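Breakdown of the fold
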Amino acid sequence: MTGFPDGFAHHPLYFMPAEQAALIDAVVEGLRAAPLYQPTMPRTGAPLSVLMSNFGPLGWVTDREGGYRYQPDHPVTGAPWPALPDALRALWHDVTDWPEPPEACLINWYREGSKMGAHVDRDEFDLRAPVVSVSLGDDAMFRMGSRARGGPTAGLRLHSGDVVVMAGEARQCHHSVPRIYAGTSALLPESAFPGGGRVNLTMRVVGAPR
Ligand code: SIN
Ligand code: FE2
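The notes below deal with the structure included here. (Residues numbered from 1 in each chain as written. Chains lettered and ligands numbered in written order. Predicted model: local features only at pLDDT ≥ 70, side-chain atom pairs only at ≥ 80, totals over all residues. Heavy atoms only, no water.)

**Section: the coordination of the iron ion (ligand 2)**
At the metal site, the iron ion (ligand 2) is ligated by H119 (NE2), D121 (OD) and H175 (NE2), and these contacts range over 2.1 to 2.2 Å. Taking the relative accessible area as the measure of exposure, H119 reaches 24% and is therefore partly exposed. (Donors = N, O, S within 2.8 Å, 3.2 Å for Na, K, Ca; no water. Buried < 20%, exposed > 50% of the residue type's maximum accessible area, 1.4 Å probe, protein only.)

**Digging into the pattern of salt bridges**
Between side chains of opposite charge, pairing is possible as soon as their charged atoms come close. Taken as a whole and assessed by the stated rule, the structure comprises eight salt bridges. When the shortest N-O distance is used, the salt bridge between D121 and R204 registers 2.9 Å. Taken as a pair, D121 in the loop between β6 (116-119) and β7 (131-137) and R204 in strand β12 (residues 198-204) lie far apart in primary sequence, 83 residues in all. A salt bridge links R147 to E169; its shortest N-O distance comes to 2.8 Å. Here E169 lies in the loop between β10 (163-166) and β11 (175-181) and R147 lies in the loop between β8 (139-144) and β9 (154-158), a separation of 22 residues in the sequence. Residue R147 is classed as partly exposed on the basis of its relative accessible area of 44%. Using a relative accessible area of 33% as the deciding quantity, one classes E169 as partly exposed. Here the salt bridges do not stand alone but share partners, grouping D121, E124, R171 and R204 into one network. (Salt bridge = Lys/Arg side-chain N within 4 Å of Asp/Glu carboxyl O. Helix = DSSP H or I, 4+ residues; strand = E, 2+ residues; numbered from the N terminus.)

**Quick notes on the sheet that holds β7**
Each strand in a sheet pairs with another by means of backbone hydrogen bonds, the pair being arranged parallel or else antiparallel. With antiparallel pairing, the six strands of this open sheet are ordered in space as β1-β10-β7-β12-β5-β2. Here the strands that pair on one side only, and so sit at the sheet edges, are β1 (8-11) and β2 (51-55). In this sheet, neighbouring strand axes are inclined to one another by 20° on average, regardless of whether the strands run parallel or antiparallel. Inspection of the sheet shows β1 paired to β10 by four bridges, in the antiparallel sense. Its bridge partner lying in β10, H11 is registered against V163. (Pairing = 2+ DSSP bridges. Axes fitted to C-alpha atoms, helices over the stretch in contact; angles between N-to-C directions.)

Here it is in structure tokens:
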């Protein structure tokens, strides 16, 4: 895609509406075992504007005391994360060549006004493994830059059911979600996501320390 680094791929409407509904059902079921919690920034303890949970053997978490890390259990309940839904494992193997399944699937719930600042996913040991992410619910602006902080970015409006892959060069590039278009989707059930919003599912391989 022009303006985007090599290794970036966008699969618009990879999941049809009925499949999106089934995926959200699986997310809601997972959240019964591993409720959304309020992540906070390392050192400052400032709350992130998204709430988080995870699927899979490992989950990405952050809090003031422990900072950014992966761990096998929920930081509040201490319970293991629920298993990755089959549809997400199948997606991973469909859109990547990576032989192993993802170890972690981060669940981010964006409400109106939630954002994700520019960052590189770099808490994993093996940065050759791709990152695959799924958008569900409200539209979002996704921006992608380069390895260096700052500088020009390319933007893309993500819709419910879209899939993004960051592999190769794109895997090491800055990206952000500066804006959610509140009320553009009615996919998220009010009972689990009061006020609606957007759920992003991000699958990653963590790998072993070298
Ligand atoms: C992230 O990169 O942390 C989230 C991406 C997204 O919400 O689309
Ligand atoms: Fe990211």
